[in-house]
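Topology and contacts: notes
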Amino acid sequence: MKSEPAYHMIIGGKKVSAPSVFEVTNPATGAVIGHAPNGRKSDLDAAVESAQAAFKTWSLTSDEDRSDAILKVSDTLTEHAEELAQLLTAEQGKPLNGIGSRFEVGLLKDWAEHTANTRLPVKVIQDDENGKVELHRKPLGVVGSITPWNFPLAIAIWHVLPAIRTGNTVVIKPSPHTPLATLRMVELMNEVLPAGVINIVTSDDVSSNLGADMSSHKGIRKIILTGSNRTGAKVMSSAADTMKRLTLELGGNDAAIVLPDVDPKAIAEGLFFGAFFNNGQACAGIKRLYVHEDVYDDVCTELAAFAGNIKTGPGTDEDSILGPLANQMQFDKVKRLVDFFCKQAVCTNCKKNIRCFNTNFKLVEIKLVENVYMTHCGFNQRFWRWFTVLLL
């Protein structure tokens, strides 16, 4: 019987196990693809202590040395790009191609090079006969990063590389839904960075919740979170006692507006992928679509026609355009919305055609829901809302 690969936390440049692990599954099949360490508070304490020790020397390195280190990170991750993309698809579900895992992994190199080449020179605020005033930016210390499951690698890189580039050290904690690719990425980064500059801890957020512990930890000077509004409020509250600096990137509910001078067929693809990129799981994705009545019916027709030709399937299939929803929590949320809207509204292609890929994987047709009466706005508007739905 083939055993699943073992993954470890990285603390002080060393692999660290935990007394227990939690399963990570493929959302397309339900199969277990690996086990992540269920870290404890003591593991977080060790990671923070390691980061604090590394900060003493890392914060003193030159701007040029830190830039070179980030470029080495870029080279290392690029060498392992396909490995990371395959692992990301296995645990998150997004397709390998299109705006999928290979695209996301490609962003790592782009962001690393941008970060390495960004300079923060001394800013002269005043220089005259009355005196000279300069603004110098100094590193804070240990930065805590809490990342989500929708873009696990890209958002992790957005969090940690600017912190490292400016002389800080990092403890990162990924979502329990998608910890494996981030664990591997941090392991690779530790091949070229000094021990303790970047550390990673993981937990299942049920029996152990290291994200909550991070936001209140006295040794962490700043928290960066990408996640839900509810989680952001909790982090802000628990960070208050230690007066942490915060960067919170939270959820969105974006709308798109279609004016009457458009070519409906020409814009259908852009509208579709504006909502469905990353299987519709993105804070910046279109959630509501307002269409002028002069082109409303034609836009409906063209958008439904385009959606009908989209191939859905496991993300590991090279020709899949959309994959499954990333986890059971997300599926349950989307299913509730689809069931509600399909009862309350007219569905442009709300067919109950279920295509079974195997005993675990079922995909319902994409839903384009229209003509919902928006009483809370105080007036009638037509809008669509659409979802890719995975039934387990």
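Overview of the structure. Source: prediction; values computed, not measured. (Residues numbered from 1 in each chain as written. Predicted model: local features only at pLDDT ≥ 70, side-chain atom pairs only at ≥ 80, totals over all residues. Heavy atoms only, no water.)

**Re the overall build of the chain**
Helices and strands together make up the secondary structure of the chain, namely 11 helices and 17 strands. Expressed as a percentage of its 392 residues, the buried residues of the chain come to 49%. Within the chain, contacts between residues at least 6 apart in sequence are counted, and of these 72% link residues at least 24 apart. Taken as a whole, the chain presents about 18500 Å² of accessible surface, with 53% of it coming from carbon and sulfur. (Helix = DSSP H or I, 4+ residues; strand = E, 2+ residues; numbered from the N terminus. Buried < 20%, exposed > 50% of the residue type's maximum accessible area, 1.4 Å probe, protein only. Contact = heavy atoms within 4.5 Å. Areas by Shrake-Rupley, 256 points an atom, 1.4 Å probe, with all protein chains shown as cover.)

**Describing the pattern of salt bridges**
Summed over all chains, the structure comprises 15 salt bridges. Of the charged contacts, one joins Lys311 and Asp319 as a salt bridge, the two residues approaching to 3.6 Å between their closest N and O atoms. (Salt bridge = Lys/Arg side-chain N within 4 Å of Asp/Glu carboxyl O.)

**Notes on a nonpolar patch on the surface**
A cluster of nonpolar side chains, contributed by Ile125, Val133 and Leu135, occupies part of the molecular surface with about 240 Å² of accessible area. Within the fold, Ile125 resides in strand β5 (residues 123–128). (Patch = residues over 30% accessible without salt bridge, like charges linked within 9 Å, V, L, I, M, F, W, Y side chains within 5 Å.)

**Looking at the pairing of strand β7 (residues 142–146)**
Along β7, five of the five residues are buried, which leaves the element largely enclosed by surrounding structure. The side-chain alternation of β7 yields two buried faces, one formed by Val142, Gly144 and Ile146 and the other by Val143 and Ser145. Examined bridge by bridge, β7 and strand β8 (residues 169–173) share five bridges and lie parallel to one another. What sits directly across from Val143, in β8, is Val170. In this region the chain leaves β7, passes through helix α5 (residues 152–165) and returns to the parallel neighbour β8; the handedness of that crossover is right-handed. (Pairing = 2+ DSSP bridges. Right-handed = clockwise from strand over helix to strand, strands pointing away.)

**A look at unusual backbone geometry**
Positioned with a positive phi, Met243 is a non-glycine residue whose angle comes to about 55°. Its place among the elements puts Met243 in the loop between α8 (229–239) and β11 (245–249). Look at Asn278: it is not a glycine, yet its phi comes out positive at around 60°. Within the secondary structure layout, Asn278 lies in the loop between α9 (264–276) and β13 (286–291). Its relative accessible area of 3% is what places Asn278 among the buried residues.

**Looking at the packing of aromatic side chains**
Overall, the coordinates contain five aromatic pairs when judged by the stated rule. On the basis of an interplanar angle of 90° and a centroid distance of 5.1 Å, the ring pair of Phe272 and Phe273 is categorised as edge-to-face. Its relative accessible area of 22% is what places Phe273 among the partly exposed residues. One aromatic cluster in this structure is built from Phe272, Phe273, Phe276 and Phe306. (Phe/Tyr/Trp six-rings, centres within 6.5 Å; stacked < 30°, edge-to-face > 60°.)

**Focus on helix α2 (residues 63–79)**
The first and last C-alpha atoms of α2 sit 25 Å apart over 17 residues, in line with the 24 Å expected at 1.5 Å per residue. Where the residues of α2 are buried, they touch α1 (41–58), α3 (81–92), α4 (101–116), α5 and α6 (180–189). (Expected span 1.5 Å × (residues − 1).)

**Focus on the side chain of Thr178**
With respect to the helices and strands, Thr178 occurs in the loop between β8 and α6. The exposure class of Thr178 is buried, given its relative accessible area of 1%. Apart from the residues within four sequence positions on either side, Thr178 is in contact with Glu91, Gln92, Pro148, Trp149 and Pro152.

**Points about the pairing of β11**
With five bridges joining them, strand β10 (residues 222–226) and β11 adopt parallel strand pairing. Within the sheet, the bridge partner assigned to Thr226 lies in β11 and is Glu249. For the crossover from β10 across α8 to β11, the handedness is right-handed.

**Some remarks on the nonpolar core**
In terms of nonpolar packing, the biggest core is built from 44 residues, with Leu77, Ile164, Met185, Met189 and Leu193 touching the most fellow members. Not counting the four nearest positions on each side in its chain, Leu193 is found in contact with Trp58, Ala69, Val73, Ile164 and Ile198. (Core = buried A, V, L, I, M, F, W, Y, C linked by side-chain atoms within 4.5 Å.)

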